[in-house]
Amino acid sequence: MPTAVGLSSAETVALFKQHVIANYNRYPVNLVRGEGSLVWDSEGNRYLDFFPGWGCNLLGHCPPKVVAAVQEQVATLIHVPNTWHMDVQGRWAQVINERSFGGQAFFCNSGTEANEAAIKIARLHSPKGKYKIITFTGGFHGRTMGSVTATAQPKYHDGIEPMLPGFVYAPFGDLEATRELVDDETCAIMIEPIQGEGGVRIPPAGFLQGLRDLCNERGLLLMFDEVQTGCGRTGDWFAYQKFGVTPDVMTLAKAVCGGIAGGALIAKREIAPALRPGMHAATFGGNPIAARAGIATFETIEEENLLDNAKQLGELFRRRLTKLQQQCDLIKEVRVAGVMIGVELSVDGNPAVQACLERKLLINCTQGKTIRLLPAMNLPEEQAEEGCDILADVLQKLPRS
Ligand SMILES: *Cc1c(COP(=O)(O)O)cnc(C)c1O
């Protein structure tokens, strides 16, 4: 068997048409290789990637330390079940816990799974009869039935109802409205500290602290979905540290293994035992490959001082984009937290994504009008400038409709 299939983009599109369910809108491009913030297609075109791996590739494509760790591990021990101890899984948990709030970890393989575990731990930890979880409009928590019910966006529920009972939706940023939704059956509040898919929406000052106080008052768990914001994305290890508000439970995935599939739930030590033996599991969760990739990811961030780098890159993007805003009346707002960047337009952003693709810059548009950039935290400055030049040109030429 050849190591690569070796098809052209057109041949690959034809293969998908025949054999792969069309549940994604895909660009008609066959990507075959990546290095840092660059990727190449089968025709040899080079793309500058400001959205590497949908936010999973926080260290860019094929970060050398992660590659080396995985290569070594895959030839040593690929998988053993969670009926055994694995030093690498224990060390991975330690690496995360020492950089967060000293909790304990449960490992899984994706963000939606981490949030399913959060839903379970909230219900298991609470007295009988308390089961309702408050989540927020515009939030995103994943696609399995529990997580998608937690996702307060009707477009993701359409046609798959009935949803899971026990979820209540509050308007994002409205503390008083949230307070009014708490009743004797409420067990937790779950929120992204910065909404990602919802358009890089940063909560109003004091909102997260208000939720913390409310949870303390009413005996609720505060659960932060840091699947997108976590692991250094915002220039802090975890976004909760930026706001100075510590959750009881935190979920991670996307970048947690530097591009390898992995997810985690981190719970405070006094809450963790609620996930007792027999109540939850993930066959591949915390497997040696993911664990080694996770450890290598955190070590790379530390050794290369990438938290600071993410902050500096964030300032570069803020400077470039706010300057652009003064020249381009289509830009309503620029929102930046490290390398989590949203540019809200007054028009549909999808033509801009298309135009950037033609100029070989990969970006994303979410919620119709928000350009979302999740560049790697080690994106070289010249490449940041190069991409900003393209984006500026594209946005200035965007048809106003
Ligand atoms: C992407 C995302 C998820 C879902 O993660 P999957 O790995 O796709 O299941 C959940 N929450 C947030 C905040 C996300 O950004």
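No experiment lies behind these values; they were computed from the predicted model shown.

Quick notes on the rules
- Residues numbered from 1 in each chain as written.
- Predicted model: local features only at pLDDT ≥ 70, side-chain atom pairs only at ≥ 80, totals over all residues.
- Heavy atoms only, no water.
- Salt bridge = Lys/Arg side-chain N within 4 Å of Asp/Glu carboxyl O.
- Buried < 20%, exposed > 50% of the residue type's maximum accessible area, 1.4 Å probe, protein only.
- Helix = DSSP H or I, 4+ residues; strand = E, 2+ residues; numbered from the N terminus.
- Contact = heavy atoms within 4.5 Å.
- 1 Å grid on protein atoms, 1.4 Å probe; cavity = no way out; pocket = protein on both sides within 12 Å on 5 of 7 lines; lining within 4 Å.
- Points joined across faces, edges and corners; volume = space filled by probe spheres on them.
- Nonpolar A, V, L, I, M, F, W, Y, C, P; charged D, E, K, R; others polar.
- UniProt positions renumbered as here; feature names shortened; annotations may be inferred.
- Polar contact = N/O pair within 3.5 Å; in protein donor to acceptor, adjacent residues only side chain to side chain.
- Arc of directions from axis to C-beta.
- Near = heavy atom within 4 Å.
- Areas by Shrake-Rupley, 256 points an atom, 1.4 Å probe, with all protein chains shown as cover.

**Some remarks on the pattern of salt bridges**
Then step 1. Scanning the model with the defined rule gives 21 salt bridges in all.
Then step 2. Between arginine 33 and glutamate 35 there is a salt bridge, and its shortest N-O distance comes to 3.8 Å.
Then step 3. A residue is classified by how much of its surface remains accessible, and arginine 33, at 44% relative accessible area, is partly exposed.
Then step 4. For glutamate 303, the salt bridge is made with lysine 65, and the minimal N-O distance between the two is 3.1 Å. Linking glutamate 303 in helix α9 (residues 288–303) with lysine 65 in helix α2 (residues 64–74), this pair joins segments that are 238 residues apart in sequence.

**Remarks on the side chain of histidine 61**
Then step 1. Positionally, histidine 61 belongs in the loop between β3 (46–49) and α2.
Then step 2. Those residues in contact with histidine 61, other than ones at most four positions away along the chain, are Gly34, Glu35, Gly36, Leu38, Val39, Asp49 and Pro52.

**Structural notes on the layout of surface pockets**
Then step 1. In this model, the second largest pocket occupies a volume close to 510 Å³.
Then step 2. Around the second largest pocket, the lining comprises 20 residues; the ones closest to its centre are Gln89, Ala105, Phe106, Phe107 and His280.
Then step 3. Counting residues per element, the ones that place at least two in the lining of the second largest pocket are α3 (87–99), β4 (104–108) and β10 (263–267).
Then step 4. Counting residues per element, the lining of the second largest pocket draws most heavily on β4, at four residues.
Then step 5. Looking at the lining of the second largest pocket, its residues break down into twelve nonpolar, seven polar and one charged.

**Thoughts on the UniProt feature "binding site: pyridoxal 5'-phosphate" (unreviewed entry) in the protein**
Then step 1. The residues that UniProt annotates with the feature "binding site: pyridoxal 5'-phosphate" (unreviewed entry) are Gly111, Thr112, Phe140, Asp225, Glu226, Val227, Gln228 and Thr283. Look at the named residues: they lie 173 residues apart in sequence, and the longest C-alpha span between them is 24.7 Å, so in the fold they stay spread out.
Then step 2. Not counting residues up to four positions away in its chain, the partners in contact with glutamate 226 are Pro193, Phe238, Ala239, Tyr240, Met250, Thr251 and Leu252.
Then step 3. Of the polar contacts made by the side chain of glutamate 226, one reaches the side chain of threonine 229; its length is 2.8 Å.
Then step 4. Within the secondary structure, valine 227 sits in the loop between β8 (221–225) and α8 (239–243).
Then step 5. Filtering out sequence-adjacent residues up to four positions away, valine 227 remains in contact with Gly111, Asn115, Thr251, Leu252, Ala253 and Lys254.

**What about α2?**
Then step 1. Along α2, the residues that are buried comprise Val66, Ala69, Val70 and Gln73. For α2, the arc enclosing every buried residue in end-on projection is 95°, short of the 170-degree limit, so these residues lie on one face. With respect to the buried face of α2, the exposed residues turned more than 90 degrees away are Pro64 and Gln71.

**What to know about the site of the ligand**
Then step 1. Every residue close to the ligand is listed here: Ser110, Gly111, Thr112, Asn115, Phe140, His141, Gly142, Glu192, Asp225, Val227, Gln228 and Lys254.
Then step 2. Within the backbone of threonine 112, a nitrogen or oxygen atom sits 2.8 Å from an oxygen atom of the ligand.
Then step 3. Here phenylalanine 140 contributes a backbone N or O atom positioned 3.2 Å from a nitrogen atom of the ligand.
Then step 4. Coverage of the ligand by the protein chains reaches 81% of its 380 Å² of free accessible surface.
Then step 5. The dominant element in the shell around the ligand, judged by the number of residues it contributes, is helix α4 (residues 111–125), at three residues.
Then step 6. Class assignment of the residues belonging to the shell around the ligand gives a composition of two nonpolar, seven polar and three charged.

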